[in-house]
Amino acid sequence: MARVDVIMPQMGESIAEGTVSRWLKSVGDAVKRDEPILEISTDKVDAEIPSPAEGVLAEIKVPEGETVEVQTVIAVLETDKDAAVSAPSEPVAAPEPVAAPEPVAAPDAPAPAAPRGDGTVETAEERLRQRSTPLVRKIAAEHRVDITQIHGTGHGGRVTKKDILAFIESGAPPAPVAPPATPAAAPAGAVVHPTVEAWPGDRVEPMSKIRKLTADHMVMSRRTSAHVTSFYEIDFTGIARIRQAKKQEFQDRGAKLTYMAFIVKAVADNLQKHPVLNASVSGDAIVYRKAINIGMAVALDWGLIVPVIRDADDLSMLGIAKSIVDLADRARTKRLNPDEVQQGTFTITNPGVFGSYIGTPIINQPQVAILGVGAIEKRPKILTLDDGQDVIAIRTMSMFSLSYDHRVVDGADGDRFMADLKRDLENFPEGAL
């Protein structure tokens, strides 16, 4: 009888935990190898996790809404389809009643007692009832709900996300709850976000896992790196002509030739010449990365993730174009693999796709630089002709911003990189395609 563990994968470097967002399969369901069985959420990615083997989902160990460390066993598969399926240790939802093949075992002996802070006694069962996931505690705090009032359906009376949402929807009155921990009580190095009072008519929703961890990551980055931003105007008129001429050819070869493909290619080439932009700070040392792995920020309905184009400097324009479309599409459909959001060495974000003129992006730690791409559109531009005469012409233009870590990247380093990037984009050779 073969049993295969499903573990919480590490979805990004420095990510130590993940949250089970939704189970796509129930206990007893047959699954195929690589078929999605659940969705998880981290600050790097919301993703569907495929089954590591073909078989039957025998046990769910971690319910929806629960956060666990990476490498934790979250489910068990039975690869012998004829084998009996064991009951889940903590079901995602209450199962339908079924006839028991054997008499129900007698309940365990009462749990031992433990002293409370006020000198009274608290049983182990009461402690279990108050245990819950960070998400459940957040919902309880926002709605002023005392978790001990709720009948938990989880293991040992544990209150699940479904339990607390059902309690709130029932219209039960709020009860006094313990005040939130003060910043002084937070763990060392933790990001503490100030709280504000909700006014009548306001809607209060707990942050999703990806939103909360992104918020923490951004605050940490601002505290860690000495941010400086430089701005450069780039003329895309030449690239616009090349793109128009080659667009159908790339489409016939299964790729979409976007402006971003040209940008990634030029960035990858210039990171080889400016290695300090492709680095990380490690204590009092600088780690110059050999690999050039370019992260590409993708905006999703539920947050922001950064899939990585690995070894971008070794890819052709066709390879880059295919990678961009493939990674973006799979990010939006939660089909990214864990290693596709890890080990980025430089990031590009594109607020211009929404019409933004320019932005000042925050560095994606532990990198030292991030490039912001503004809207690429036709604008009036003053040009100087060969005879010295100035004229106003319609050109395809964009504004770029480079945020870099001034601890290791001097202004001259950042500006040299941007000047070379501008030159290469404005004089992009058609033969490079």
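Residues numbered from 1 in each chain as written. Predicted model: local features only at pLDDT ≥ 70, side-chain atom pairs only at ≥ 80, totals over all residues. Heavy atoms only, no water.

K.L.:
I'm lost on the overall build of the protein chain in this one. Help?
P.N.:
Looking only at helices and strands, one finds eight helices and 21 strands in the protein chain. Taken over 433 residues, the protein chain has a buried fraction of 42%. Surface summary for the protein chain: the accessible area is close to 23200 Å², and the carbon and sulfur share equals 53%. (Helix = DSSP H or I, 4+ residues; strand = E, 2+ residues; numbered from the N terminus. Buried < 20%, exposed > 50% of the residue type's maximum accessible area, 1.4 Å probe, protein only. Areas by Shrake-Rupley, 256 points an atom, 1.4 Å probe, with all protein chains shown as cover.)

K.L.:
Would you explain the packing of helix H6 (residues 259-273) against helix H8 (residues 411-426) in this entry?
P.N.:
What describes two packed helices is the angle between their axes and the distance between those same axes. Relative to each other, H6 and H8 sit at 135 degrees, their axes nearing to 10 Å. Considering the angle they form, H6 stands oblique to H8. Considering the relative orientation of H6 and H8, their crossing is right-handed. Contacts between H6 and H8 involve Phe262, Ile263, Ala266, Val267, Asn270, Leu271 and Lys273 from the former and Phe417, Asp420, Leu421, Arg423, Asp424 and Leu425 from the latter. Grouping the amino acids of the contact of H6 with H8 by side-chain chemistry returns eight nonpolar, one polar and four charged. (Axes fitted to C-alpha atoms, helices over the stretch in contact; angles between N-to-C directions. Parallel < 35°, antiparallel > 145°, perpendicular 65-115°, else oblique. Left-handed = near helix turned anticlockwise from the far one by under 90°. Contact = heavy atoms within 4.5 Å. Nonpolar A, V, L, I, M, F, W, Y, C, P; charged D, E, K, R; others polar.)

K.L.:
Please explain the side chain of asparagine 278 as it appears in this structure.
P.N.:
Tracing the backbone shows asparagine 278 in the loop between H6 and strand S12 (279-282). Polar side-chain contacts of asparagine 278 include one of 2.9 Å to the backbone oxygen of alanine 291. Setting aside anything within four residues of it in sequence, one finds asparagine 278 in contact with Leu271, Val287, Tyr288, Arg289, Ala291, Ile292, Thr345 and Phe346. (Polar contact = N/O pair within 3.5 Å; in protein donor to acceptor, adjacent residues only side chain to side chain.)

K.L.:
In this structure, what is going on with the confidence of the model for the protein chain? I would like to understand it.
P.N.:
Should the pLDDT be low somewhere, the predicted coordinates at that spot are not to be read in detail. Residue-level pLDDT values for the protein chain average 83, and 79% of them are 70 or greater. In this model residues 83-118 is a low-confidence stretch, pLDDT under 50, and it forms 51 contacts with partners more than four residues away in sequence or in other chains. Throughout residues 177-184 the model reports pLDDT below 50, and contacts reaching past four residues in sequence, or to other chains, amount to four contacts. (pLDDT = per-residue confidence, 0-100.)

K.L.:
Before we go on, may I ask you to explain the packing of H6 against helix H7 (residues 317-332) in this structure?
P.N.:
It is at 9 Å that the axes of H6 and H7 come closest, and there the two elements cross at 120 degrees. Taken together, H6 and H7 sit at an angle that is classed as oblique. Handedness of the H6/H7 crossing: right-handed. Packed against H6, whose contacting residues are Met260, Ala261, Phe262, Val264 and Lys265, the element H7 presents Met317, Ile320, Ala321 and Ile324 at the interface. Tallied by class, residues from the contact of H6 with H7 come to eight nonpolar, no polar and one charged.

K.L.:
Quick question: what am I supposed to make of helix H3 (residues 161-169) here?
P.N.:
Note on helix geometry: an α-helix contains 3.6 residues per turn, so any two residues three or four positions apart are oriented the same way. Turning to H3, its buried residues are Asp163, Ile164 and Phe167. Axial view of H3: buried residues confined to an arc of 90 degrees, hence all on one face. Once H3 finishes, glycine 171 follows within two positions and takes phi at roughly 85 degrees, a positive value. (Arc of directions from axis to C-beta.)

K.L.:
Mind showing me how you'd approach unusual backbone geometry here?
P.N.:
Keep in mind that most residues, glycine aside, have a negative phi and that most peptide bonds are trans. For the bond from glutamine 365 to proline 366, the omega torsion is 5 degrees, close enough to zero to count as cis. Turning to its location among the elements, proline 366 is positioned in the loop between strand S18 (346-349) and strand S19 (369-373). Residue glutamine 71 is not a glycine yet carries a positive backbone phi of 75 degrees. Structurally, glutamine 71 is set in the loop between strand S7 (67-69) and strand S8 (73-78). The exposed category is assigned to glutamine 71, whose relative accessible area is 52%. Although it is not a glycine, glutamine 343 adopts a positive phi angle of roughly 65 degrees. Mapped onto the elements, glutamine 343 comes out in the loop between H7 and S18.

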